[in-house]
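Overview (structure and organization)
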Amino acid sequence: MGDYEKFKKDVLSLIGLDLSCYKEKQMKRRIESLISRNRYKSFDDYFAAIKKDKELFNEFINYLTINVSEFYRNPIQWNTLEKDIIPELMKKSRKLTVWSSASSTGEEPYSLVMLLSKFYNLKDIKVMATDIDMGAIEKAKMGVYSEKSLKSLPKEFQSNYFEKIGNSYKVKDEVKRCVDFKQMNLLKDRYPSNCDLILCRNVLIYFTEEAKDNIYKNFNNALVKNGVLFVGSTEQIIMPERYNFKSSKMFFYEKTN
Ligand SMILES: C[S@@+](CC[C@H](N)C(=O)[O-])C[C@H]1O[C@@H](n2cnc3c(N)ncnc32)[C@H](O)[C@@H]1O
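All figures in this text were calculated on a predicted structure; none of them were measured in a lab.

**Section: the site of the ligand**
Neighbouring residues of the ligand: 21 residues in total, closest Tyr22, Ser69, Arg73, Asp131 and Asn202. Within the contact set of the ligand, a nitrogen atom lies 2.6 Å away from a side-chain nitrogen or oxygen of Tyr22. Protein coverage of the free-state accessible area of the ligand, which is 600 Å², stands at 99%. The residue inventory of the shell around the ligand, partitioned by class, reads 10 nonpolar, 6 polar and 5 charged.

Below is the structure:
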């Protein structure tokens, strides 16, 4: 296949995405298989092609980013969020600043709005939602989902907050209005500040230890004292004290300093 190092540099200068921050074996294998599928012979040929062909370029981004998501992914953790984490956060701050930091096609931030609606009026809820993938953000803004992606969502939310259109479910505008979607690269863009709760789920697994190290530090800076970081179910932080976090419940980390 040839020169992956050069390909990484080319991609970085073309789209600002540093592939070196992603686990190398996994990422390289994925890209090689995409290149073979498209019948290119080398990284160089493929790069020349994505530079010219918009559709091929979009396919590359889409393939890289792995947008798999669902509403209330790992429902037990959403239960913990509802019963323990949110009530605790609300003791300190009446209005919560909440950020879904790899929001993909929208299932996660919309789940957050629905959960928060148990505590607040919809008109008082704002969730920031960011992802590197503009294609995913566009889908999120449309807010149309299959029945399968709703399987873990409490039934009351399904009936209150969706319109059924054919076989699909469309998120109601009153929920959509609560989410601000924006493109953001966790590896290089500026992080928001004063967050009470940050979700970063099912993306850290793709990053190298070095990249994660920086991301944890940035999340710590982005949180208020005692704010909480909620991670995916294979993404526990080893020795969270290193980043001034303490584990409060499984998969939830509280900022100590
Ligand atoms: C598997 S999805 C996770 C979606 C959701 N958080 C969940 O747990 O269901 C991973 C998301 O991370 C995004 N992503 C990958 N690299 C990123 C980066 N450097 N900055 C921001 N988002 C990134 C992808 O575009 C993708 O939408």
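**Description of the sheet that holds strand β9 (residues 245-249)**
Working definition: the strands of a sheet are paired by backbone hydrogen bonds and lie parallel or antiparallel to each other. Here 7 strands make up an open sheet; going across it, the order is β6-β2-β1-β7-β8-β10-β9 and the pairing mixed. Strand pairing shows two members of the sheet lacking a second neighbour, β6 (179-183) and β9, which therefore form its edges. With direction set aside, neighbouring strand axes in the sheet form an average angle of 25 degrees. Pairing geometry for strand β7 (residues 195-200) and strand β8 (residues 223-231), over 5 bridges, is parallel. Across the sheet, Ile198 pairs through a bridge with Leu229, a residue of β8. Lying on the sheet, helix α7 (residues 134-142) is in contact with β2 (127-131) and β6; it crosses β6 at an angle near 165 degrees.

**Some points on the side chain of Lys8**
Within the secondary structure, Lys8 is located in helix α1 (residues 4-15). Excluding anything up to four places from it in sequence, Lys8 contacts Leu19, Ser20 and Glu24.

**Some thoughts on unusual backbone geometry**
Even without being a glycine, Ile66 presents a positive backbone phi close to 50 degrees. By secondary structure assignment, the location of Ile66 is in the loop between α4 (54-65) and α5 (75-92). At Tyr72, a position not held by glycine, the phi torsion is positive, near 50 degrees. With respect to the secondary-structure elements, Tyr72 resides in the loop between α4 and α5.

**A word on helix α10 (residues 209-222)**
Taking 1.5 Å per residue, 14 residues should reach 20 Å; α10 reaches 20 Å between its end C-alpha atoms and fits that length. For α10, the secondary structure elements touched by its buried residues are β1 (98-100), β7, β8, β9 and β10 (252-255).

**Describing α1**
In this model α1 runs 16 Å from its N-terminal to its C-terminal C-alpha over 12 residues, within 8% of the 16 Å that 1.5 Å per residue would give. Of the residues making up α1, those classed as buried are Tyr4, Phe7, Lys8, Asp10 and Val11. Along α1, the residues classed as buried sweep out an arc of 165 degrees about the axis, all on the same side. Counted as exposed and oriented over 90 degrees from the buried face of α1: Lys9 and Ser13. Here the buried face of α1 lies against α2 (24-37), α3 (43-52) and α4. Two or three places before Glu5, at the opening of α1, Asp3 has a side-chain oxygen 3.2 Å from that residue's backbone nitrogen. Gly16 occupies a position one or two residues after α1 and carries a positive phi of about 75 degrees.

About the thresholds
- Residues numbered from 1 in each chain as written.
- Predicted model: local features only at pLDDT ≥ 70, side-chain atom pairs only at ≥ 80, totals over all residues.
- Heavy atoms only, no water.
- Near = heavy atom within 4 Å.
- Polar contact = N/O pair within 3.5 Å; in protein donor to acceptor, adjacent residues only side chain to side chain.
- Areas by Shrake-Rupley, 256 points an atom, 1.4 Å probe, with all protein chains shown as cover.
- Nonpolar A, V, L, I, M, F, W, Y, C, P; charged D, E, K, R; others polar.
- Pairing = 2+ DSSP bridges.
- Helix = DSSP H or I, 4+ residues; strand = E, 2+ residues; numbered from the N terminus.
- Axes fitted to C-alpha atoms, helices over the stretch in contact; angles between N-to-C directions.
- Contact = heavy atoms within 4.5 Å.
- Expected span 1.5 Å × (residues − 1).
- Buried < 20%, exposed > 50% of the residue type's maximum accessible area, 1.4 Å probe, protein only.
- Arc of directions from axis to C-beta.

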